[in-house]
Structures are given as structure tokens and as C-alpha cells.
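Chain residues, written in single-letter form:
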Amino acid sequence: MPLLSIERLIVIGIAIGTAPNVDADVQHFATVRAGIEMTVVGTPFDAGSDHPALVSPDGRRAVVATYRGDVSLNTLHHQLLLFERQQDGQFGPPSVAMALSSPVIGNRRGISTLRWSRDSRHLYTLATDHKGTTQLIDIDLSGRGRSIVTRTEADLIDFASDASGKVLAYIERRSIVPVPTERGVFAGKIISDEDIYTLLSGRSQPSTAQGLGGGNVARLEIDGIKTSIELPADEWPVAGGMSVSPTGRYVVVPVAMTRSVIPASWSASSMPVRWDFFYGLRLYDRASGTLRWLHDGPVDWRNRTVTWSRDERSALLTAVFLSQADGTAPQESVVIVDVATGASVSEFTGNFEIANPDAALEDVQLVDAAKDGPRYSVSGSQASWMLKPISEPDWQIRLLQSMNQAPLMVQERQGAQRLLLNPNPEMTPARLNHVQEYRWKSGAGVDLVCGLYMPRGFKSGVRYPLIIQTHGWTSKRFWFDGPSSAGFAAQSLADEGFLVAQIGASENELSTTREGAAGADAFDTLIDALVGEGWADESRLGITAWSRTGFAVRSALAFGRHRFGAAVLVDSMNSGFLDYLFSSDTVKGVAERQMGAAPYGDGLNAWRIASPMFNFERIAPPVRLVKLGPKLLEQWEDWASGRHLGKPIDFVWLPEANHWPILPLERMEIQQGAVDWYKFWLLGVTDPAEDKKAQYVRWHSLKRGGS
């Protein structure tokens, strides 16, 4: 269904955007601050669906989460918007079911994980309490307010309950606690399998695997009595997909594990080599005390839901990966299983989402997200189930957005659409820089695609400095910054006169010896194409990496054909020897597949040739390093190598920040810092703001050759 302009929509909703710069000069609207303070539909780290509403089991209500940053207060403002159906079946304007804004939230999500009670009278959510701990909150929609259900010492990351509310299951994040030392003949500690950061800090730190859930604890609470659900030592409970059956007999615990310990039955499938971590759904039977797989196969790392039949003999699972008969990569599917045996009864391939996952299986509505939202119901019995298109669906809430259209919340039914909410009325096309999709071919002839954020006032025949942003691209989403807030600032850079290319990656090359070279080739050929168009200035090139793309970007800086004038590397993989030594076995395995060997014996020569960290002398441009979180040494090899070789390198450490930063002032440091870095090195421009003087003193020293 094509996007509709606001003028063609019948407006029955409200606008909640703060419109901080309504009267601002259009030439300077798309600032980093404007992106931070825009209203996002969803919750932090989980704002990607075009179907954001969680519909109550009775279908009469829907709730949508939103948040926005506040730079002045350095906090996020969260809201839960409640929509009620009117007599004509449409949703009326929203009311605020819950608002949350406090500095004690810090880097926590604030509000996350929404669920309805089976009777649709209560809304449950995880939210930060006055002490800064994430607890389970009960919002009584009959007007009795809200109450705190749990009183845990550590944050909760997921929860579920039975129909009566008496059986509560939740996943509690392990607290960071002091690490005891051995005292006897000497005052110290016998080192065994501890993480190096735990030893250096004296406090427990999550390892890479623990970042997925290691150290988290799955608990049951029945009539105030708490017990733990014991899981295998090499499986870690994670958020997304926890569920309790209607009677409370069964508890589903989502878990993560590394490739080395996945079940043999999973190994027989054609699992892509790039999959380093796997996720599954464990089923705990309270009646027998046994633990087994609800479905004997992997599920996606996101969008996992479990919905029970009324007799709890069947369960519908989304985001399940099913093996293909032709041996190709597993496809995401919906599976209905026999709970007693775990056998798959019915399978439906497709990217489905459930609008009302807290309803019974017999009443759910599935949305085919890949096909622009047609809806299906489920019919059948324990032995066989089928999907049926809903011929006359109810009015449903969705987001309309594109690369040039900020999200609009609408309700739609059989082709008719009504505007419910414009979260950001200030984000008009006239104020934003135009984005267009661009296609080119790699050196191997592979078709590649990126999004081009055109510089403000773009003129044909003028060559503009080019910034390449990595980590993905889609024309179906409105990305003000890019795929994350970690150093990407596409609209803001375009506002400053840069041509910005938001580029994806070839996932088929991940975790192979081609990963670095394929990334470098994609960047090189894109630059060739844009220079050939007459749009890009080959002498003024910049590139930003985050997370996994750090290896490909460093490979381009060391081995690529083009010389970059500046680079920004934010909390990113370098696959260097120091990082290798500090990493978990799983991450070591990734680096070994990238290089083709472990860095010992004859394998060391492979690293000497392929690792950009062993070739740091070839990395010429000024580099801005940003490390997020406590593990400072993960980026130390870049810093130490750059300083030793006398290269211009800047290092910013934000020890409390998330890998996906959310606090406004942290984002200002990361994103505005990237904009300033590129302006300084590629345009020769500085910002006269008083609070940036120290920054430019540092950078001028680097330009003069100081350290």
C-alpha cells in the first residue's frame, strides 16, 4: 500500500511531538539535537516494527509505547499511549496510560516489555522505579492507578504470568557484585576462568556471552515464594519470548548459547557460518519438574512470541528458523507445536507478527509484515492448524514511514486509512534532506544498494565530501541518523554539506576470510560510482564504523584503494591480537574464521597479512575512537598503535554507555562529536561554542603532529 500524504488522511488524532525548532531556519533544522529529541514509536533498542500496537485479548484496546530524548535534562521521556475502540470500531484519540521520566533511569530502557492480562483489564510493563531498578508494574485500567508487583534487587528483563496471575515468571539480570579475593599466605586471587575485566575492576562484569544473558536468572514466584528455574550451564536466559501457559503448568524461557554447544539436531541443519550465537525456547514443566525444548530448533534473536491454545495443548511460535529441503539457509516461519511432545504440527513460512499475542491461539491475528500487512486468523485443532485470511478485519494501528517520511501513526481497514497521531509534526520533508536509493556493482559484479542522504542545497555538477555510514540500509524505514545512534548522524551531516551513503553489508561474507576484503571492495566501488556520477569529491572521504562493521572499515582503511581523510570507529570490532586474547572463545572463533587460522605458529602469518591491526602503519586518516561501556581494553590496540606510530588519533571513553547509546548527552558526545570531527578534518571548520574549546585544542594538536 503506498504511503499517503497527511493531506489525504482524515485527521482524528493528535500530535505529540515537541516541535523544538518549529521556527528555526530550515538550513539548520536537521541537527543532532533534533534527532535526539524526536519522538520514537517503540521502546529503546526495539523500535523497528510498522505494527507498534499491542492489542488487548478482547480487541477493545491497544497500547503503543513512545519515547523521546531531552538534552537539557539528559533523560528520556517515556509514554504508554492507550487507544480505545469506539462504537464504529475505530480507535479514538489516545490517552496517556503511563508516563515516566527521571534521571535515575540512566541507561536503562525506562519502559519495556508490554503485556495484557487475559481479561484485558490490566496492562503490565517493565519500568524503572524510584531507586533506578527495573521492576514489573501493574497498570489497572479501571482507574485504580498502578502498583509495583516485584521488589527485586536487580533489573528484570522479561516476565510472564498465568491466567490467574498467581504464577509469575521473570528473568532477573545478575547484579554486578564485588569479587572476593583469596587470603592466606598471600593477599590475592587464584585465577581460573574469570573475565579479565572482572579481575581488573574487582567487580563482576558480563562477558560477551553474558551480554546475551550470561549470569541472568530465570525465576518463578508463586504466592510470594521464589524459586529458580535451573538451566544447563552453557545456556543463558534472555529477554523476548518468556511465557506461562494459562494454567501455569508450563513456563517458556528464551535462552542463548554459542555455536559450540548447540544441540546435535540443530547442527544437522544448514546453519550459516555467520551465526555465532543461537537462541532457543526452553519449556519447563512444573508438574514433572522436567526441562526440554518447546521446539527443537533455533529461533530469531528478536520478535519471538509464544501464544497458547485455550486447552494449552498447542502453542504458536513466531520467529522460528526452519531448515529448507534444498539445503539453503533456514527461513523464518511460524510454527504450531504439540506442547506434550514438542512435535511441529503446522508450519507457515513468512515474516509474521502477532497483533494480540496475549490472546488465545484461536483468537490471534497474524500480520504478514513482508506483504504490507494482510491479516490472518488460525483455525483447526491440536492435530492440524491452518491460516485463513481475514476477509473483514477490524481497524488496526500501523506506522506509515519511508526513507523520506517520518513515521505517522494511522489506523487502517480494507484500504481506508485515518491519521491517529503525528509524533513529530516538525519533521516535514522541506526541513529534512532528501534521501534516495542508489545501486551499484561490487568488483565481483554483485548488486549492492545504499541510501544517499543528499547534502542541503544539492547542485548537479558540484562535488561534495562523502561520508560512508555502515551497518545496514532499508528504504522502508525513516532513519534520521542511520541504523543506530552510535556515531551515525546522516541527516545532520547532510545539513552540513556532506553527501552521506548509508550502506549495507553482504551477510554471506561474514565470519569468512572474505569479510574484510568484501567490505573494503564495497566501499571502494561505491566511491568509484559516486565520483563517476560527479557527486563525490574523492579527496574528501570519511567513514564510520560501529559494532561488527569495525573489521570491514579497518580493512578498508588499511588495504582499500581509496585514501580516507577521516574515520570514526565507535565501539567496533577490530579483530586484533589484543582483543583476541581478551575475548570469549566464541569471539575468538569469529576472528579465526576471518583470518583463516588462530594467531599461533603458521597461523600467525595469516594474521600478519589479513589483520588490519597487524598493518596499522597503513591506516593513514585521523581516527576518532569511541568506546562504550566498561571494557576499555577492547579498543586499546587501536589507541596504543596509533600513538606509537605518531598518527592523529582521538579516544573518547563513555564507561556507562550502552552499545546502542540512549542517554542524550552521551549521544551528543558520540554523534555531534562525529559531525565535528568530519567538519574539522574534511572541511577545515570548527564550532566556536565555548564548551568545545578543549576538543579543538586536542584536535589542533593532532593536526600539528602532537600526541
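Reading the values: rules and limits
Residues numbered from 1 in each chain as written. Predicted model: local features only at pLDDT ≥ 70, side-chain atom pairs only at ≥ 80, totals over all residues. Heavy atoms only, no water. Helix = DSSP H or I, 4+ residues; strand = E, 2+ residues; numbered from the N terminus. Buried < 20%, exposed > 50% of the residue type's maximum accessible area, 1.4 Å probe, protein only. Areas by Shrake-Rupley, 256 points an atom, 1.4 Å probe, with all protein chains shown as cover. Axes fitted to C-alpha atoms, helices over the stretch in contact; angles between N-to-C directions. Parallel < 35°, antiparallel > 145°, perpendicular 65-115°, else oblique. Left-handed = near helix turned anticlockwise from the far one by under 90°. Contact = heavy atoms within 4.5 Å. Nonpolar A, V, L, I, M, F, W, Y, C, P; charged D, E, K, R; others polar. Salt bridge = Lys/Arg side-chain N within 4 Å of Asp/Glu carboxyl O. Pairing = 2+ DSSP bridges. Phe/Tyr/Trp six-rings, centres within 6.5 Å; stacked < 30°, edge-to-face > 60°.

*Asks:* Can you break down the overall build of the chain residue by residue, with the values?
*Replies:* Regarding its fold elements, the chain presents 13 helices and 40 strands. Here the chain holds 707 residues, and the buried ones make up 56% of them. Counting only carbon and sulfur atoms, one obtains 51% of the accessible surface of the chain, whose full area is about 29,500 Å².

*Asks:* How would you summarise the packing of helix α12 (residues 664-683) against helix α13 (residues 693-703) if you had to cite specific residues and measurements?
*Replies:* The N-to-C vectors of α12 and α13 enclose an angle of 40 degrees; their axes lie 12 Å apart at closest approach. When the interaxial angle is binned, α12 and α13 end up oblique. Taken as a pair, α12 and α13 cross one another with a handedness that is right-handed. Every residue of α13 that contacts α12 at Gly-673, Asp-676, Trp-677, Phe-680 and Trp-681 is listed here: Gln-695, Tyr-696, Trp-699, His-700, Leu-702 and Lys-703. A class-by-class count of the residues in the contact of α12 with α13 yields 6 nonpolar, 3 polar and 2 charged.

*Asks:* Let's hear about the packing of helix α6 (residues 515-532) against helix α7 (residues 549-559): which residues, and what values?
*Replies:* With their axes 8 Å apart at the nearest point, α6 and α7 run at an angle of 65 degrees to one another. On the basis of the axis angle, α6 is roughly perpendicular to α7. Handedness of the crossing formed by α6 with α7: right-handed. Contact residues: α6 offers Glu-515, Gly-516, Gly-519, Ala-520 and Phe-523, while α7 offers Phe-551, Ala-552, Val-553, Ser-555 and Ala-556. Along the lines of polarity and charge, the residues of the contact of α6 with α7 split into 6 nonpolar, 3 polar and 1 charged.

*Asks:* Would you mind going over the pattern of salt bridges in detail, with residue names and values included?
*Replies:* A complete count under the given rule lists 28 salt bridges for this structure. Taking the shortest distance from any N to any O, the salt bridge between Arg-667 and Asp-481 comes out at 3.0 Å. With Arg-667 in helix α12 and Asp-481 in the loop between β35 (464-469) and α5 (490-495), this residue pair connects regions lying 186 residues apart in the sequence. Considered together, Arg-667 and Asp-481 belong to a single accessibility category, that of buried residues. Here Lys-692 and Asp-687 are joined by a salt bridge, their closest N and O atoms 2.9 Å apart.

*Asks:* Lay out the sheet that holds strand β9 (residues 134-140) in plain terms, naming residues and giving numbers.
*Replies:* By way of backbone hydrogen bonds, the strands of a sheet pair with one another, either parallel or antiparallel. The sheet built from 4 strands is open, its strands ordered β7-β8-β9-β10 with antiparallel pairing. This sheet does not close on itself; its edge strands, each paired only once, are β7 (111-116) and β10 (145-148). The mean inter-strand angle of the sheet, taken between neighbouring strand axes irrespective of direction, is 25 degrees. Relative to β9, strand β8 (residues 122-128) is paired through 7 bridges, and the arrangement is antiparallel. Residue pairing across strands places Leu-123 opposite Ile-139, the latter belonging to β9.

*Asks:* Run through the packing of aromatic side chains, naming residues and quoting values.
*Replies:* Under the definition given, this model contains 22 aromatic pairs. Where Phe-352 meets Tyr-376, the ring centres are 6.0 Å apart and the plane angle is 80 degrees; that geometry is what we call edge-to-face. Of this pair, Phe-352 sits in strand β26 (residues 352-354) while Tyr-376 sits in strand β28 (residues 375-381), and the two are 24 residues apart along the sequence. The interplanar angle of 40 degrees and the centroid separation of 6.0 Å between the aromatic rings of Phe-680 and Tyr-696 together place this pair among those described as tilted. A residue pair is termed long-range when its members are at least 10 positions apart, and Phe-680 in helix α12 and Tyr-696 in helix α13 qualify at 16 residues. Residue class for Phe-680 comes out buried when judged on its relative accessible area of 2%.

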